[in-house]
Amino acid sequence: MPIVINTNAAATSASFNLSKNADALRKSLARLSSGNRITQPAEDAGGLAVSYKLDSQARRTEAVLNNHQNALSYLQVQDGGLETVGKVVNRMAELRTMAADVTKNSGDIENYSKEFRELQQQLNQLKVEKFNGIDLFRDETTDPSDSNTNSTAKYTFESGTEVSFNKSSFTLLTHPSGVSTDGNISINVTNLQHLLSFESGTAIGGTGSAAASSASLANIGGFNLSSGGSIDTTKISSANYVSIGGVGFISDITAVDISEFTNIIQKIADARAENGAEQQRIQQSYELHQTNLVNLEAAHGRIMDVDVAMESTRFAKNNVLVQASASMTAQANQLSNIALTLLQ
């Protein structure tokens, strides 16, 4: 091989090797410092695209899990309200039973009626309870705030009497796609007027016949017992009516048959059962998406996460190669010095 000055192929080759090894070392440093196997799209374009979609789905799944928890909280607060309604009605039934005692005089019955009227007012106030501004309950005339589903349902009393009532619900989207057909759960907004309505329109001395809907039934919550600002005599007689704060309530506890309380308690039990069933379904859906999230994160990790053991080995190798390449490049640059010796 001739000795030349202008051309030093060995030094050029060594410098190229130095650049290549230095680039490999920088990649190892980037992977180890970031924890990602793919730090640039050019390293694995297809893998990066798949991991990006998996990461997006995982984030949406986390959001869906939060929605599940919020819906569960809503139902738990609603059940707390229904539990209170049940306690109030149970107390009313107890008062009505005590008022039926033959040893009680009219003064005793009036004392029971006083508590009965107070309890009616408490039931009437429960209808305005909200969870984060969202109605927990509704009645026959007012749609709940932000409700997206309204329909008509039917309820059959033990005697066979069937009534219709307005049913409202929210729809919880349970799939990260946000498409209802991929997964949804209906969350009922309890119709409190229906729960507290009696079986017959004549239950408290009114003149009407058996009603066809909860809207036309008398009730113990003060819902729509007035018509145009006056007593609705198809639901309640003048003798059994008292106006408190512009709301009509039943004045005499003995005007209500004990069986009516039994019917109401049955409806409250049904409402709590429905609430519990919805809570259980949400919990099952929540556990499903928890599992999905774990699997999505694992799939994303298999694509994106760096194998630290393997990459640290590469880093050590590349580090040695960079130092060796730098040393050899320096040595190759000294080869031309031989020509100076010949020229002396």
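What counts, and where the lines are drawn
- Residues numbered from 1 in each chain as written.
- Predicted model: local features only at pLDDT ≥ 70, side-chain atom pairs only at ≥ 80, totals over all residues.
- Heavy atoms only, no water.
- Core = buried A, V, L, I, M, F, W, Y, C linked by side-chain atoms within 4.5 Å.
- Buried < 20%, exposed > 50% of the residue type's maximum accessible area, 1.4 Å probe, protein only.
- Helix = DSSP H or I, 4+ residues; strand = E, 2+ residues; numbered from the N terminus.
- Contact = heavy atoms within 4.5 Å.
- Expected span 1.5 Å × (residues − 1).
- Pairing = 2+ DSSP bridges.
- 1 Å grid on protein atoms, 1.4 Å probe; cavity = no way out; pocket = protein on both sides within 12 Å on 5 of 7 lines; lining within 4 Å.
- Points joined across faces, edges and corners; volume = space filled by probe spheres on them.
- Nonpolar A, V, L, I, M, F, W, Y, C, P; charged D, E, K, R; others polar.
- Patch = residues over 30% accessible without salt bridge, like charges linked within 9 Å, V, L, I, M, F, W, Y side chains within 5 Å.
- Areas by Shrake-Rupley, 256 points an atom, 1.4 Å probe, with all protein chains shown as cover.
- Salt bridge = Lys/Arg side-chain N within 4 Å of Asp/Glu carboxyl O.

Glancing now at the nonpolar core. Counting residues in hydrophobic clusters, the biggest one holds 44 residues, and the most contacted among them are Val-89, Leu-123, Leu-196 and Ile-220. The set of elements that each furnish at least two residues to this core consists of helix H2 (45–99), helix H3 (106–126), strand E5 (162–173), strand E6 (184–191), helix H4 (192–195) and helix H5 (258–304). Counting residues per element, this core draws most heavily on H2, which supplies 12 residues. Ignoring any residue separated from it by four or fewer positions in sequence, one finds Leu-123 in contact with Val-85, Val-88, Val-89, Met-92, Leu-192, Leu-196, Ile-220 and Gly-221. Counting nine residues, the second-largest nonpolar core is a separate cluster that includes Leu-54, Ala-58, Leu-296 and Ile-303.

Further remarks concern helix H1 (residues 9–34). The end-to-end C-alpha distance of H1, which contains 26 residues, comes to 38 Å, matching closely the 38 Å that a straight helix rising 1.5 Å per residue would cover. When we look at burial in H1, the residues that qualify are Ala-11, Ala-14, Asn-21, Ala-22, Leu-25, Ser-28 and Arg-31. On its buried side, H1 packs onto helix H6 (308–333). Once H1 finishes, Gly-35 follows within two positions and takes phi at roughly 80°, a positive value.

This part takes up the pairing of E6. Counting buried positions along E6 gives six out of eight residues, so the element sits mostly inside the fold. In this sheet, E6 lies alongside strand E3 (residues 137–138) in parallel orientation, the contact comprising two bridges. Looking across to E6, one finds that Arg-138 is bridged to Asn-191. Pairing between E5 and E6: six bridges, direction antiparallel. Looking at the pairing, Ser-168 lines up with Val-189 of E6.

The subject of this paragraph is the environment of Gln-120. Along the chain, Gln-120 falls in helix H3. Taking the relative accessible area as the measure of exposure, Gln-120 reaches 0% and is therefore buried. Ignoring sequence-local partners within four residues, the contact set of Gln-120 consists of Met-92, Ile-220, Gly-221, Phe-249 and Ile-250.

By the element assignment, Gly-246 lies in the loop between strand E9 (241–244) and strand E10 (247–250). Residue classification places Gly-246 among the exposed residues on the basis of a relative accessible area of 64%. Through-space distance from the C-alpha of Gly-246 to that of Val-50 is 64 Å; in sequence the pair is 196 residues apart.

All right, on to the layout of surface pockets then. Where empty space is left becomes clear once a probe the size of a water molecule has been rolled over the atoms. Approximately 310 Å³ is the volume found for the largest pocket. Taken together, 13 residues form the lining of the largest pocket, with Ala-71, Tyr-74, Ile-134, Phe-170 and Ile-187 sitting closest to its centre. Sorting the residues of the lining of the largest pocket by element identifies H2 and E5 as the ones contributing at least two each. Classifying every residue of the lining of the largest pocket by side-chain character gives seven nonpolar, five polar and one charged.

Our focus in this paragraph is a nonpolar patch on the surface. Side chains of Ile-3, Leu-335, Ile-338 and Leu-342 sit close together on the surface and give an oily, nonpolar patch of about 400 Å² of accessible area. Looking at the secondary structure, you find Ile-3 in the segment before H1.

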